[in-house]
Amino acid sequence: MVHARGAGAYGEFVAAADFTDVTKAKFLSQAGKKTPLFVRFSTVVHPSGSPETYRDPRGFATKFYTEEGNYDLVGNNLPVFFIRDAIKFPDMVHAFKMSPVTNDVSDPNRVFDFFSNLPESTHMLTWLFSDYGIPASYREMDGNGVHAFKWVNEKGEVTYVKYNWSTKQGERNLTQEEADEIQSKKIEHATLDLYNAIQDGNYPQWDLYVQMLKKEDFDHLDFNPLDPTKIWPEAIAKPVLVGTMTLNKNADNYFQEVEQSAFSPGTLVSGIEPSEDKLLQGRLFSYFDTQRHRIGGNFQQLPINAPKVQTTTYNQDGAMSIRKQTGDVNYQPSTNKPEVVDNAKFKYSTSAFKDVKAVQAKISKPNDFAQAGDLYRSFSQKDKDNLIKNLSGALMGVKNPVIVAKMISHFYQADREYGMRLAKELNLSREDLEKLL
Ligand code: HEM
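Structure report, in brief. A quick note: this is a predicted structure, and the numbers were derived from the prediction, not measured. (Residues numbered from 1 in each chain as written. Predicted model: local features only at pLDDT ≥ 70, side-chain atom pairs only at ≥ 80, totals over all residues. Heavy atoms only, no water.)

In terms of helices and strands, the protein chain carries 13 helices and ten strands. Every one of the 437 residues in the protein chain was classed for burial, and the buried ones make up 51%. Across the protein chain, the fraction of contacts at a sequence separation of at least 24, relative to all contacts at a separation of at least 6, is 74%. For the protein chain, the accessible surface area stands at approximately 21,000 Å², while carbon and sulfur atoms represent 52% of it. (Helix = DSSP H or I, 4+ residues; strand = E, 2+ residues; numbered from the N terminus. Buried < 20%, exposed > 50% of the residue type's maximum accessible area, 1.4 Å probe, protein only. Contact = heavy atoms within 4.5 Å. Areas by Shrake-Rupley, 256 points an atom, 1.4 Å probe, with all protein chains shown as cover.)

Printed below as a string of structure tokens:
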């Protein structure tokens, strides 16, 4: 079970402008339009009841209860991801989670054994082992959609977007020492920080931005913009303010609302579609399967997950079915009930790329290291020093020197100084590394 430990709250989203020129999603059709929502923040790897001070990406999942049904934006605090091939996700989770032998979690021997074979993880690992890997609280972190999504307007025109939630509380992270200090006293500091702020009327807010690209822009870039291991630098796509979210109500019952909430990148409204990103395509299937296992067959009928508007569905039966089901016709199309028709408005846009084949192969322009190097060089001296300390500290726990050498070679290819500093901390000379690789 991933994202087992979480905290949640209700709130409201207010659109900043009319976006009908780029998306037909109704909740974005007018400046000032309000949409109720529920957010669940989470840690990823460690089990329920684990400390919230661990180095780990944080989940940032938002359920918009729109007038057209629910839209889930299921993102993370960090802007990129470790892998780009969905089939590797279960392996990645296994590598991070408990050893089947020792039951030790996040054992660097297993984590780096996996990543030493996946150079595309270099960018995300650089984020994770910097102080961004331990946000000070949920209120003080940003959120990111990570993937490219498609916004589609009434004319069927597609604009690719990437989402960013920018915290109005200011972004703040913890050093490893600060996290250790908090952890020695409190393991649920982030959950309580969020709960208490809302109880005190100190409502946290985030601005939602999107960056937009057209398919025609893709060819000019030296990376694939549908690759979730990449950001879109602001120089190629300026962030546009979409609206502001305010969290203003705590859950009354933690289990019923925060634990039983279920988000999925497959929960979409007309006008917002998944892009062709292969990791995202895999996510579309995975969440509902997990939720049927984790919560039960009719989890979408629970009040926290059900849309606030009347929906028409012929899904039926299963344990704890509570949705009102009437009538003999529970199929479509029907001659007896012809009024329920396919609505062309809800058809997905067509992907139109030149010479595209669906293949099990690496994407074009993988460019595994450049953005990791850019990120390293963008850090202040203090951030660089902390990254080297955190990362070399973790690599020191790896017993197989070949794995250490492979990891250093990835960081070296991102930035020469980055790799050399790690090698120095780990007492490995150039000759040692060459012998090992
Ligand atoms: C192929 C890649 C991925 C797969 C197969 C996958 C699968 C899953 C599954 C099965 C869950 C548990 C759902 C539940 O129990 O309700 C989950 C939770 C979650 N995932 Fe992913 N995931 C992937 C990548 C990502 C990425 C790239 C992000 C961020 C953009 C992300 C963000 C989240 C969040 C925020 C949650 C927790 C939602 C909550 O609080 O309930 N995942 N993921």
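Here the narrative resumes.
With the rule as written, the count across this model stands at 23 salt bridges. The partner of Glu68 in a salt bridge is Lys26, and the shortest N-O contact between them spans 3.8 Å. Of this pair, Glu68 sits in the loop between strand 3 (58-66) and strand 4 (69-76) while Lys26 sits in the loop between strand 1 (6-15) and strand 2 (34-43); the two residues are 42 residues apart in sequence, bridging distant segments of the chain. Judged by its relative accessible area of 25%, Glu68 is partly exposed. Notably, a salt bridge pairs Arg139 with Asp193, separated by 2.8 Å at the nearest N-O pair. (Salt bridge = Lys/Arg side-chain N within 4 Å of Asp/Glu carboxyl O.)

Within the largest apolar cluster, 45 residues are counted, with the highest numbers of intra-cluster contacts made by Phe82, Phe112, Phe115, Leu391 and Tyr418. Within the residue set of this core, elements represented by two or more residues are helix 1 (89-96), helix 2 (108-115), helix 3 (122-129), helix 9 (370-378), helix 10 (381-395), helix 11 (401-414) and helix 12 (416-425). Tallying contributions element by element places helix 11 first for this core, with seven residues. What Leu391 contacts, discounting residues up to four positions off in sequence, is Phe112, Phe129, Phe411, Tyr418 and Leu422. One finds Val39, Phe149, Trp206 and Ile272 within the second-largest nonpolar core, a separate group that totals 36 residues. (Core = buried A, V, L, I, M, F, W, Y, C linked by side-chain atoms within 4.5 Å.)

Within the structure, the ligand sits among 24 residues, and Arg40, Tyr287, Thr290, Gln291 and Arg294 are positioned closest to it. Taking Tyr287, its side chain carries an N or O atom lying 2.8 Å from a nitrogen atom of the ligand. Gln291 is positioned such that a nitrogen or oxygen atom in its side chain is 2.8 Å from an oxygen atom of the ligand. At the level of secondary structure, the elements contributing two or more residues to the shell around the ligand comprise strand 2, strand 3, strand 4 and helix 8 (278-294). Taken together, the residues of the shell around the ligand sort by class into eleven nonpolar, ten polar and three charged. (Near = heavy atom within 4 Å. Polar contact = N/O pair within 3.5 Å; in protein donor to acceptor, adjacent residues only side chain to side chain. Nonpolar A, V, L, I, M, F, W, Y, C, P; charged D, E, K, R; others polar.)

The subject of this paragraph is the coordination of the iron atom of the ligand. There is one protein donor for the iron atom of the ligand, and it is Tyr287 (OH), at 1.9 Å. Relative to the helices and strands, Tyr287 is located in helix 8. (Donors = N, O, S within 2.8 Å, 3.2 Å for Na, K, Ca; no water.)

With that settled, consider the packing of aromatic side chains. Taken as a whole and judged by the stated rule, the model has 29 aromatic pairs. Between Phe19 and Trp151, the ring centres sit 5.9 Å apart and the planes meet at 70°, which makes this aromatic pair edge-to-face. Residue Phe19 is located in the loop between strand 1 and strand 2, and its partner Trp151 is located in strand 6 (residues 149-152); the two are separated by 132 residues in the primary sequence. A relative accessible area of 6% means that Phe19 is categorised as buried. (Phe/Tyr/Trp six-rings, centres within 6.5 Å; stacked < 30°, edge-to-face > 60°.)

With that settled, consider helix 5 (residues 189-199). Listed in full, the buried residues belonging to helix 5 are His189, Ala190, Thr191, Leu194, Ala197 and Ile198. For helix 5, the elements touching its buried residues are strand 1, strand 2, helix 4 (176-183) and strand 9 (240-250).

Before going further, it helps to spend a moment on unusual backbone geometry. Residue Pro333 follows Gln332 across a cis peptide bond; omega there is 10°. With respect to the helices, strands and loops of the structure, Pro333 is situated in the loop between helix 8 and helix 9. Even without glycine at this site, Asn427 takes up a positive phi of about 55°. Topologically, Asn427 is positioned in the loop between helix 12 and helix 13 (430-436).

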